[in-house]
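# Fold and contact review
For reference, the chains in residue letters:
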Amino acid sequence: QLAQVGVPIWATELDVMSSNENTRADFYEAALTTLYSHSSVEGILFWGFWDQAHWRGDKAALVKGDNLQLTEAGRRVLDLFENQWMTDETHVLSQAGNQLTVRGFHGDYQLHVMYQGRELSNLKQTFTLVKGSTKTVNLNVHT
């Protein structure tokens, strides 16, 4: 109902507790997927992640031990954040011309132009995508 009146939603102090790592991973994945897929959710904050500092201990941890070893839940959360939900696009300039349009998650981006296996650092650009928008990027490439 908060979304219907336009109030932004933040999930704070998120943690999931289960002594079974696979069950904990399933719970984290379900909670994060539900929150992340809702257009009014603007942020998610974990209450803790390390077994040695988490108020609920190892039954809620994403990492454990002095070396911060990922638990199954930690691996699942990391996969969601870095593989499934991260915007990563590749465009071939010969097909894109001198413009390309990027649609992705809102946030800050860096554009790197590669030519014959090397980055053309003078063409590197940064831009910001606003929630629900696309961005057209112009490139002036002379090889």
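Only a predicted model underlies this, so the values are computations on that prediction, with no experimental measurement involved. (Residues numbered from 1 in each chain as written. Predicted model: local features only at pLDDT ≥ 70, side-chain atom pairs only at ≥ 80, totals over all residues. Heavy atoms only, no water.)

### Here we look at unusual backbone geometry
For clarity, the cut-off: Helix numbers and strand numbers start at the N terminus; a helix is a DSSP run of H or I with at least 4 residues, a strand a run of E with at least 2. Only protein chains enter the area calculation, which uses a 1.4 Å probe; residues under 20% of their type maximum are buried, those over 50% are exposed, and those in between are partly exposed.
Phi is positive for E13, close to 60 degrees, though the residue is something other than glycine. Among the structural elements, E13 can be located in strand β1 (residues 9-14). Taking the relative accessible area as the measure of exposure, E13 reaches 48% and is therefore partly exposed. Phi is positive for Q116, which is not a glycine, with a value near 50 degrees.

### Points about the nonpolar core
What counts here: Residue types Ala, Val, Leu, Ile, Met, Phe, Trp, Tyr and Cys, when buried and joined through side-chain atoms within 4.5 Å, form a set referred to as a nonpolar core.
Core analysis: the largest hydrophobic core is formed by eleven residues, namely L100, V102, Y109, L111, V113, L120, L123, F127, L129, V137 and L139. Among the secondary structure elements, those contributing two or more residues to this core are β5 (99-103), β6 (107-111) and β9 (125-129). The next biggest cluster of nonpolar side chains, apart from the first, holds ten residues, and it includes V16, A25, L32 and L62.

### Remarks on helix α1 (residues 21-37)
Where we set the bar: By this rule, a helix spans an expected 1.5 Å times one less than how many residues it contains. By construction, the arc corresponds to the directions joining the helix axis to the C-beta atoms. Two residues form a contact once any of their heavy atoms are found within 4.5 Å. Here a polar contact is recorded for every N or O atom pair within 3.5 Å, except that within protein the pair must consist of a potential hydrogen donor and a potential acceptor, and residues adjacent in sequence are included only if both atoms are side-chain atoms.
Compared with the 24 Å implied by 1.5 Å per residue over 17 residues, the 24 Å span of α1 between its first and last C-alpha is a close match. Buried within α1 we find R24, A25, Y28, L32 and L35. Down the axis of α1, the sector holding all buried residues measures 110 degrees, keeping them to one side. Looking at α1, the residues exposed on the side facing more than 90 degrees away from the buried face are T34 and S37. Contact partners of the buried residues in α1: β1, β2 (41-46) and α2 (72-84). Two or three places before N22, at the start of α1, stands the capping residue N20, its side-chain oxygen 2.9 Å from that residue's backbone nitrogen.

### Side note on the layout of surface pockets
Put simply, the rule reads: We place a 1 Å grid over just the protein atoms. Points where a 1.4 Å probe fits but has no way out form a cavity, open points with protein on both sides within 12 Å along at least 5 of 7 lines form a pocket, and any residue with an atom within 4 Å of a point lines it. Grid points are joined across faces, edges and corners, and a volume is the space filled by probe spheres set on the points. Three classes are used, and their members are as follows: Ala, Val, Leu, Ile, Met, Phe, Trp, Tyr, Cys and Pro are nonpolar, Asp, Glu, Lys and Arg are charged, and the others, Gly among them, are polar.
The volume enclosed by the largest pocket comes to roughly 670 Å³. Lining the largest pocket are 23 residues, and of these Y36, V41, W85, F105 and H106 sit closest to its centre. At the level of elements, α1, β2 and α2 are the ones that each hand at least two residues to the lining of the largest pocket. Take the lining of the largest pocket: its biggest share by element is five residues, from β2. Looking at the lining of the largest pocket, its residues break down into nine nonpolar, ten polar and four charged. If you add up the space inside the second largest pocket, you get close to 410 Å³. When contributions to the lining of the second largest pocket are tallied by element, the ones reaching two or more residues are β5, β6 and β7 (114-115). Of the residues forming the lining of the second largest pocket, the biggest block, three residues, is contributed by β6. Its residues assigned to classes, the lining of the second largest pocket comprises twelve nonpolar, five polar and two charged.

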